Amino acid sequence: MLLYQHLASQLRAQIAQGSLRAGERLPSIRQLAHSHGVSIATAVQACLQLEREGLAQARPRSGYFVRAASPPLPATLPSRRRTPGTVSNPMLQDVLDMLARSDLLPLHSATPSLTLLPQSALTASLSRCLRRMPSAALDYAPPQGHLSLRRLIAQRYAQVGVTVSADEIIITAGAMEAISLSLRTLTQPGDVVLVESPTYHGILQAVAALKLKVLEVPNLPDRGIDVERLELLLRQHQVRAAVLVPNFNNPLGSVTDDEAKQALLKSCARHKTIVIEDDIYGELAWSGQRPAPLRRWDRHGGVITCGSYSKILAAGLRVGWLVGGDWTDALLRTKYFSTVGSASLPQLALADYLERHDLQRHLRQLCRALADNAQRMHEAIARHWPSSTRACTPQGGLSLWLQLPGMNAKTLFDEALREGIGTSPGMLFSSRGEYADCLRLSCGLPWSVALDRALRRLGQLADRA
Ligand SMILES: Cc1ncc(COP(=O)(O)O)c(C=O)c1O
């Protein structure tokens, strides 16, 4: 055995025995070299070996840390609503009350902390646009949105291998308006709409508001949308539209792979089900490998793709879009009678920002920070939460989904709010209040002592809830 392998095996044994615990810092390279009588190069090689094995993680300027062993995935399969029903949202008012509070540690909010976003560059773009083109900034924007921004969105799709024309893009107030507009334009009250289980609660609210019936297809933590079940449901029921989040589903963080995406599109085309694709997290692949949107394989013009700058640049600017394909004119009419058009200044400012800055570079930094936050949160959860806690281990997005068998997430939600911590209880992500023993936390906050303390407190509350 080579010297570095010998040192690595000693460290491995200390991790296995628990004398070096998840989240703890390994001795520095210098200390390792000194205490084991090896060269610096050998100590470095040993640490690199542990990193390759997934046992240690390097943090810039801080050294090597022990990684948490991957926790088991949530145990129960997602629920399956096999017959169309109505959405019940008993916690909607609780969520609205929570969102009105500014004093919370926002673990409920699936957005990156402002410190991870290019605040000063965006502020500069906003003032530049106001100064240089006050009339365009203060007047109505065209109902479809400013062409400069639509072109930039189309260019970004081209960079990831998807052909989109600026003429089929409509700028909206976030992805939420894009989804609502699509449903309002293409469905009638009483129509059946397919959603994932679990799924983002905003999708469920939009479906409920339009008096649509809902069918659920399971989304599985390790492989995304259950495409076989989807085919079965489409065979059994007449489903007008499917609202799906195949890339980094909120709350699971799961991804539906390319093969399954293509099978899903074929099923939907065969059964004439319109796909409303919510690709809001597609750009947040922590590895840097962006999963393709469904649109990439859409051969039948059956997909409306919704996107947004909320998760990557600034949620408060309220700029998102939809790619409407053959439905663009009909969607534009709905947009016009609902809001006339989206606010002009945020669109101009985002176009200005995107023309001057390297979005790809910003995304790389953001994704690195999110991956690091998620890792540290997992380590803290392993330290502070009951040992029966299960967790998804996503590779992108902004959500960590936890399950603690026996926990009542609503009780935890209420108690955590009293202590100034916002959380998203599992029931929000089901059309009929399931997942009561699950919780979604945001990994958009940079690591801090306050965050570690909050996770420890949540672990104690979860144990009692
Ligand atoms: C899956 C999903 N879709 C849409 C939205 C709404 O995003 P926007 O701010 O762009 O309206 C969110 C926000 O959390 C989300 O998670």
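Bear in mind that the values here come from a model prediction, so they are computed numbers and not experimental data.

Counting its secondary structure elements, the chain contains 17 helices and 16 strands. For the chain, the C-alpha radius of gyration of 23 Å lies close to 23 Å, the compact-globule estimate for 465 residues. Structurally, the chain occupies a C-alpha span of about 75 × 55 × 45 Å along its principal axes. When burial is assessed residue by residue, the chain has 56% of its 465 residues classed as buried. A total accessible area of about 20100 Å² is found for the chain, and carbon and sulfur atoms account for 51% of it. Computing the positive centroid from 52 side-chain charges and the negative centroid from 39, the chain places the two 3 Å apart.

On to the domain arrangement of the chain. Once the domains are mapped, the chain shows domain 1 (3-66) and domain 2 (118-356). Each of domain 1 and domain 2 has a C-alpha centre, and these two points are 44 Å apart.

Here the focus is the pattern of salt bridges. Pairing between side chains becomes possible if they bear opposite charge and their charged atoms approach one another. Counted under the stated rule, the structure contains 20 salt bridges. A salt bridge links Arg156 to Glu283; the shortest N-O distance between them is 2.7 Å. One end of the pair, Arg156, is in helix H7 (residues 147-159); the other, Glu283, is in the loop between strand E9 (274-278) and strand E10 (303-308), and 127 residues separate them in sequence. Residues joined by salt bridges that share partners form a network here, namely Arg59, Asp372, Arg376 and Glu379.

For His201, the location among the structural elements is in helix H9 (residues 201-209). Not counting chain neighbours up to four residues away, the residues in contact with His201 comprise Val95, Leu428 and Phe429.

Below, the discussion takes up the packing of helix H1 (residues 3-17) against helix H3 (residues 40-52). Packing of H1 against H3 brings their axes to within 8 Å, and their N-to-C directions diverge by 55 degrees. Overall, the two elements H1 and H3 adopt an arrangement that is oblique. The interaxial crossing formed by H1 with H3 has right-handed handedness. Residues Leu3, Tyr4, Leu7, Ala8, Leu11 and Arg12 of H1 touch H3, and the partners they reach there are Thr42, Ala43, Gln45, Ala46, Gln49 and Leu50. Its residues assigned to classes, the contact of H1 with H3 comprises 8 nonpolar, 3 polar and 1 charged.

To continue, consider the site of the ligand. The ligand sits among Gly174, Ala175, Met176, Tyr200, Asn250, Asp278, Ile280, Tyr281, Ser308, Ser310, Lys311 and Arg318. Here an oxygen atom of the ligand and a side-chain polar atom of Asn250 are 2.7 Å apart. Ser308 places a side-chain nitrogen or oxygen 2.6 Å from an oxygen atom of the ligand. At the level of elements, helix H8 (174-186) and helix H12 (310-314) are the ones that each hand at least two residues to the shell around the ligand. Ranked by residue count, the leading element in the shell around the ligand is H8, at 3 residues. Within the shell around the ligand, the residues separate by chemical class into 5 nonpolar, 4 polar and 3 charged.

Going from Ser197 to Pro198, the amide bond is cis rather than trans, its omega being 0 degrees. Relative to the helices and strands, Pro198 is located in the loop between strand E5 (192-197) and H9. Here Asn250 and Pro251 are connected by a cis peptide whose omega angle stands at 25 degrees. Here Phe248, not a glycine, exhibits a phi torsion of approximately 55 degrees, which is positive. Structurally, Phe248 is set in the loop between strand E8 (241-244) and helix H11 (258-270).

So, how was this worked out
- Residues numbered from 1 in each chain as written.
- Predicted model: local features only at pLDDT ≥ 70, side-chain atom pairs only at ≥ 80, totals over all residues.
- Heavy atoms only, no water.
- Helix = DSSP H or I, 4+ residues; strand = E, 2+ residues; numbered from the N terminus.
- Rg over C-alpha atoms; globule rule 2.2 N^0.38 Å.
- Buried < 20%, exposed > 50% of the residue type's maximum accessible area, 1.4 Å probe, protein only.
- Areas by Shrake-Rupley, 256 points an atom, 1.4 Å probe, with all protein chains shown as cover.
- Lys, Arg positive; Asp, Glu negative; His and termini not counted.
- Charge placed at Lys NZ, Arg CZ, Asp CG, Glu CD.
- Domains from an automatic or database assignment.
- Salt bridge = Lys/Arg side-chain N within 4 Å of Asp/Glu carboxyl O.
- Contact = heavy atoms within 4.5 Å.
- Axes fitted to C-alpha atoms, helices over the stretch in contact; angles between N-to-C directions.
- Parallel < 35°, antiparallel > 145°, perpendicular 65-115°, else oblique.
- Left-handed = near helix turned anticlockwise from the far one by under 90°.
- Nonpolar A, V, L, I, M, F, W, Y, C, P; charged D, E, K, R; others polar.
- Near = heavy atom within 4 Å.
- Polar contact = N/O pair within 3.5 Å; in protein donor to acceptor, adjacent residues only side chain to side chain.

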